[in-house]
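Here is how the chains run, residue by residue.
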Amino acid sequence: MNDFYTILTASLVAINCALMGGFLIMRKMVMIGDAISHAVLPGIFVAYYISGSTASLPILAGAAFSGILATLMIEWFTKKARLQSDAAIGVSYTLLFAIGIILISKWGQNADLDQQCVLYGEIEQISFWLQPIAFGIVLPKQTVILLAVAVLLIGAVIWGYKGLFITTFDPDFALSTGVAVTFWHYFLMSGVSLTTVVSFESVGAILVIAFLSGPPAIAYLLTEDFKKMLILACLVGILCSIGGYYAAKWLDVSVAGAISTFIGLVFMIVFIGTSVLKRKVDVIST
Amino acid sequence: MEFWGHITTFFSAENYTLFVVGIGSGVLCFASGVVGTFTYLRKRALIGDVISHSVLPGVAIAFMLTGVKNPVYFLIGAVISGLLAIWIVDYVQAKSKLKPDAILALTLSVFFGLGIVLLTKIQHSGNDAQSGLDIFLFGKAASMSITDVQLFSIIAVINIACILFFLRGFNLVSFDENYARGIGFNVNFLKSFLALLTVLTVAIGVQAVGVVLMAALLITPAAGARFLTNSITRMLMYAGLFGFLSGVIGVFISYSGTGMPTGPWIVVVLSLFTIAAIMLGKQRGVLARLKLRKGNHIKINNENVLKDIYKLADDGQKTIETSILLQQEKYAASELKAILNRLEKQDYLDQVRGFIILSDRGRIAAREVIRKHRLWEIYLSKYFQMQEDHVHDDAEGIEHVITPEIEKLLIKLLERPEIDPHQSEIPYE
């Protein structure tokens, strides 16, 4: 049953990240996901310090707060201070992460949170958190939250598909026809913050970034159709969760690390495969 | 005072280890700031993040192969896997339709994931020497041994020397690769060499501040320095100085406070320097630009009000009632009052009991604005074939920014015209 819980949890993270990552890679904004997933540290600590517990809800609220703070900082640095965007991202999240570590090492020595947990998460221990849900079904706590977020995100993407699509692929056209570009930007950014925040606790920042960038990139190499790309990205994410999990068990290594590596391998195969195929097509057409 | 006690201990080099670690961390951050300036200028700031995450598998493999914790072997492993990551980023970017940010994110997470896999493998294999590998994740500037510091400082100094030696080439490559190639620089060599220097810097920096914060040592000093100067040499100096000071201060803070981590403090101090530079920079700084915008706003309001008075008062000859100006509804009463008071203070007009009259100075200024407005209208209709009823709005904005030199050119180009497209006379001095 442990296998099932772990794979289910990783797959849910994969689906959430694939949906958001699909839009992010088309908008050239994946590194913002990277920034948010690191910047949650100070918020988590402050929430822990105030509430005195590592219960999920306050921690999530704190994480969401510093995730939003990170996006606002990045916006301020790029728009108001006119810093180039890659530097704005780098400056913001490293500062927040540094503040988080300082707070933890000063006041959080006994807390069950540290930078290790933010970086790799604790997916191995996911089944320690089992709790009954309904109809005799038992699921880990984080998995339930991830499931709820997945339902919410799938609903949001279906409901807002048109707006997200048009503002992603042709923002100028969208602006000129009166689509609320800013609204859809923040709509997506809220989704991304929510995804990174609920995911990092179970799988860690690194796997969140791997899921945000990897499966959508692989799907993008395979199809031109954006709808198909989103679905394919979800499937690739699930496949990598399963493959990575069994590889980790077989080699007796970290699950989050193994899934990231597995994503890298799948990307390599698809990248080489599509390049070879493209070359063949080029040869035939010439 | 305890604080001064710490400072004297620090600078008197009484506590030799502390002194060496402080200076070593300063030199290391100096080198990162300098190298980072080039990655910043090439708009590849986040490549530092990728390299710092991707040194991990190299370090782990070096340990697996040699079985010892030797910083030199670690460095070799780190450099090889860092360079491999850069090469993969460049290669995938050249060969696929993927955008750079997706490739950066994917490369860094896959390399780091692989690193974690190898680290957990080493841990589970029960080799008790593995505990030292953690420093590559989170850094341990404060507990660096003197031999570590010596090694790192030597590399940092070599780095700085190489940059000084190739300064001109690196500058050109950062700004205009094609031009550099055109005048005979070996661009590919310079780019690879710069990549090697960046990876070396990251490989030693990671051991001081950790994987996540290493990106800051490269990006943050350059980001701040950019707001202080337009000269690349000065930018390198500022970035290096920010780095050095933060490195030293960070070690000092973690020494004087109990349980304070060094790396994060270096980054916080560095960010404070940079935020200060972003706010206070002479030309590009946020405050300087706000001031400039406010100055422009004042100038535009002044000129608009003078122009209105001049027109209402029959070419500025007569006295007019302030209430007529208000009736035009261009400004709210309080704002108009402020503008008029400012203009009176600067001797452009006189106000007496609700009446206004322009001074000579005010008349000259108003005529100047109107002249510029009308000249621009003629220019637009003559050279852009714009309709007479379309040129006004454009001229309304441009009249405030035409300099005396441009005005002279316009007069010359249009052969000192007498009337504008709306048949109004052009007021010359």
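Everything numeric here is computed off the predicted structure, so don't read it as measured data. Along each chain, residue indices are assigned from 1 in the same order as the chain's sequence is written. Lettering for chains starts from A, numbering for ligands starts from 1, and both go in the order in which the items are written. Note on the predicted model: pLDDT of at least 70 is required for a residue's local features to be given, and 80 or more for side-chain atom pairs to be given and counted; whole-chain, interface and lining totals, by contrast, use all residues. As a rule here, side-chain values cover all heavy atoms of the structure and leave hydrogens and water aside.

## With respect to the overall build of chain A
Only DSSP runs of H or I reaching four residues or more are called helices, and only runs of E reaching two or more are called strands; each is numbered from the N terminus. Counting its regular elements, chain A contains 12 helices and 2 strands. When the helices and strands of chain A are read in sequence order from the N terminus, they spell out α-α-α-α-α-β-β-α-α-α-α-α-α-α. The buried share of chain A, reckoned over its 286 residues, is 58%. Residue pairs in contact within chain A that sit at least 24 positions apart in sequence constitute 72% of those at least 6 positions apart. All accessibility values rest on the Shrake-Rupley procedure with a 1.4 Å probe; residue burial counts only the protein chains present in the view. A total accessible area of about 12300 Å² is found for chain A, and carbon and sulfur atoms account for 70% of it. Throughout, exposure labels follow a simple rule: accessible area from a 1.4 Å probe, protein chains only, divided by the maximum for the residue type, with under 20% read as buried, over 50% as exposed, and the rest as partly exposed. Residues count as neighbours in contact if any of their non-hydrogen atoms are within 4.5 Å of one another.

## Points about the sheet that holds strand S1 (residues 320-321) of chain B
Residue and element names in this part refer to chain B. Pairing is antiparallel in the open sheet, where 3 strands are placed in the order S1-S3-S2. Each edge of the open sheet carries a strand with a single partner, namely S1 and strand S2 (349-352). Pairs of strands are assigned from DSSP output, requiring at least two bridges between the strands. Across 4 bridges, the pairing between S2 and strand S3 (residues 355-358) is antiparallel. Looking at S3, one finds that Asp-350 is bridged to Ile-357. Of the strands in this sheet, S1, S2 and S3 are in contact with helix H14 (residues 286-312), which crosses S3 at around 95°. Orientation is described by axes fitted as lines to C-alpha atoms, over the contacting stretch for helices, and by angles from 0 to 180 degrees between their N-to-C directions.

## Here's the deal with the layout of surface pockets
Only protein atoms enter the 1 Å grid used here, on which a cavity is any set of points holding a 1.4 Å probe that cannot leave and a pocket is any open set flanked by protein within 12 Å on both sides along at least five of seven lines; residues with an atom within 4 Å of a point are listed as lining. Grid points are joined across faces, edges and corners, and a volume is the space filled by probe spheres set on the points. Taken as a whole, the largest pocket holds about 1000 Å³ of empty space. Considering the residues around the largest pocket, the lining is formed by 35 residues, among which A:Arg27, A:Lys28, A:Met29, A:Ile32 and A:Ser85 are closest to the centre. Among the secondary structure elements, those contributing two or more residues to the lining of the largest pocket are helix H2 (30-51), helix H3 (56-80), helix H4 (85-107), helix H7 (161-169) and helix H9 (181-203) of chain A together with helix H4 (71-95) and helix H5 (100-124) of chain B. Classes in brief: Ala, Val, Leu, Ile, Met, Phe, Trp, Tyr, Cys and Pro nonpolar; Asp, Glu, Lys and Arg charged; the others, Gly included, polar. Across the lining of the largest pocket, the residue classes break down as 16 nonpolar, 9 polar and 10 charged. Roughly 630 Å³ of volume is contained in the second largest pocket. Along its surface, the second largest pocket is lined by 29 residues, and A:Met268, B:Leu84, B:Ile88, B:Val110 and B:Phe111 are the ones closest to its centre.

## Concerning the nonpolar core
For this analysis, a nonpolar core means a set of buried residues of the types Ala, Val, Leu, Ile, Met, Phe, Trp, Tyr and Cys, connected via side-chain atoms within 4.5 Å. One finds A:Leu83, A:Phe267 and B:Leu98 to be the most contacted residues of the largest nonpolar core, which totals 193 residues. Within the second largest apolar cluster, 19 residues are counted, among which are B:Tyr331, B:Leu343, B:Leu349 and B:Leu358.

## Section: helix H2 (residues 16-41) of chain B
Residue pairs three or four apart in sequence face the same way in an α-helix, which turns once every 3.6 residues. Residue and element names in this part refer to chain B. Multiplying 1.5 Å by the helix residue count minus one yields the expected span of that helix. Its 26 residues place the ends of H2 38 Å apart at the C-alpha level, agreeing with the 38 Å of an ideal helix rising 1.5 Å per residue. Counting buried positions over the 26 residues of H2 gives 21, a clear majority of the element. Immediately downstream of H2, the backbone of Lys-43 shows phi near 55°, a positive value.

## Thoughts on the interface of chain A and chain B
Each side of the interface is counted separately: chain A has 55 residues, and chain B has 55 residues. Throughout, the accessible surface (probe 1.4 Å) given up by two parts as they are put together, summed over both, is called the buried area. For the pair chain A and chain B, the summed buried surface comes to about 4900 Å²; carbon and sulfur atoms form 73% of the total. Just to be clear on terms, a salt bridge is a Lys or Arg side-chain nitrogen sitting within 4 Å of an Asp or Glu carboxyl oxygen. Taken together, chain A and chain B are joined by 1 salt bridge. Its salt-bridge partner being A:Glu224, residue B:Lys97 comes within 2.9 Å of it at the nearest N-O pair.

## Regarding the pattern of salt bridges
All names here are of chain B. Here the structure, examined in full by the defined rule, presents 11 salt bridges over all chains. Notably, a salt bridge pairs Lys-307 with Glu-399, separated by 2.6 Å at the nearest N-O pair. Of this pair, Lys-307 sits in helix H14 while Glu-399 sits in the loop between helix H18 (391-398) and helix H19 (404-413), and the two are 92 residues apart along the sequence. In this structure Glu-399 comes out as buried when scored by relative accessible area, which is 1%. Note that Lys-372 is salt-bridged to Glu-368, the shortest N-O span being 3.0 Å. Highlighted residues: Lys-372 and Glu-368, both in helix H17 (residues 360-383), separated by 4 residues, approximately one helical turn. Judged by its relative accessible area of 28%, Glu-368 falls in the partly exposed class. Salt bridges sharing partners connect three or more residues here, namely Lys-307, Glu-396 and Glu-399.

## A short note on the side chain of B:Ser25
With respect to the element layout, B:Ser25 can be found in helix H2. Other than its neighbours up to four places away in sequence, B:Ser25 contacts B:Gly247, B:Val248, B:Val251 and B:Ile266.

## Looking at the pairing of S3(B)
Residues and elements named next belong to chain B. Side chains of S3 alternate between two faces, with Ile-356 and Leu-358 buried and Phe-355 and Ile-357 left unburied. Pairing of S1 with S3, which is carried by 2 bridges, proceeds in the antiparallel orientation. When the bridges of S3 are listed, Glu-321 appears paired with Phe-355. Linking S2 back to S3 in an antiparallel pair, the connection comprises 2 residues, with Arg-353 at a positive phi of about 40°.

## Concerning the packing of aromatic side chains
Geometry of an aromatic ring pair is reported as the spacing of the ring centres plus the angle between the planes. Residue and element names in this part refer to chain A. When the centres of two rings from Phe, Tyr and Trp lie within 6.5 Å, Trp using its six-membered ring, the rings pair. Their planes under 30 degrees apart give stacked, over 60 give edge-to-face, and anything left gives tilted. Counted under the stated rule, the structure contains 30 aromatic pairs over all chains. Where Trp-184 meets Phe-187, the ring centres are 5.0 Å apart and the plane angle is 75°; that geometry is what we call edge-to-face. Of this pair, Trp-184 and Phe-187 both sit in helix H9, separated by 3 residues, roughly a single helical turn. Relative accessible area serves as the criterion here: at 11%, Trp-184 is assigned to the buried category. Classification of Phe-187 by relative accessible area gives partly exposed; the value is 23%. Here the aromatic rings of Phe-267 and Phe-271 are separated by 5.8 Å at their centres, their planes lie at 15°, and the arrangement is stacked. Taken together, the positions of Phe-267 and Phe-271, both in helix H12 (residues 255-285) and 4 residues apart, correspond to about one turn of that helix. With respect to class, Phe-267 is no different from Phe-271; both count as buried.

## Brief notes about the confidence of the model for chain A
Of all residues in chain A, 86% attain a pLDDT of 70 or more, and the chain-wide mean is 83. One number per residue, pLDDT, summarises how confident the predictor is, and it ranges from 0 to 100. Averaged pLDDT values for the elements of chain A fall to 62 in helix H5 (residues 115-120) of chain A and rise to 92 in helix H11 (residues 226-251) of chain A.

## Some thoughts on the domain arrangement of chain B
All names here are of chain B. The assigned domain composition of chain B is domain 1 (2-283) and domain 2 (285-429). Here the C-alpha centroids of domain 1 and domain 2 sit 55 Å apart. Counting from both sides, the interface comprises 7 residues of domain 1 and, opposite them, 5 residues of domain 2. The contact between domain 1 and domain 2 buries some 450 Å² in all, and 63% of this surface belongs to carbon and sulfur atoms. Connecting domain 1 to domain 2 are 0 salt bridges. Any pair of N or O atoms that falls within 3.5 Å is considered a polar contact. Within protein, one atom must be able to donate a hydrogen and the other to accept it, and sequence-neighbouring residues count only if both atoms are side-chain atoms. Scanning the region where domain 1 abuts domain 2 turns up 4 residue pairs in polar contact (both at pLDDT 80 or more). All domain edges in this entry derive from an automatic or database-based domain assignment.

## Points about H14(B)
Residues and elements named next belong to chain B. Here H14 spans 39 Å end to end across 27 residues, near enough to the 39 Å set by a 1.5 Å rise per residue. Regarding H14, the residues found buried are Val-286, Arg-289, Asn-301, Asn-302, Glu-303, Asn-304, Val-305, Leu-306, Lys-307, Asp-308, Ile-309 and Tyr-310. Among the residues trailing H14, Asp-314 stands out with phi positive, at a value near 50°.

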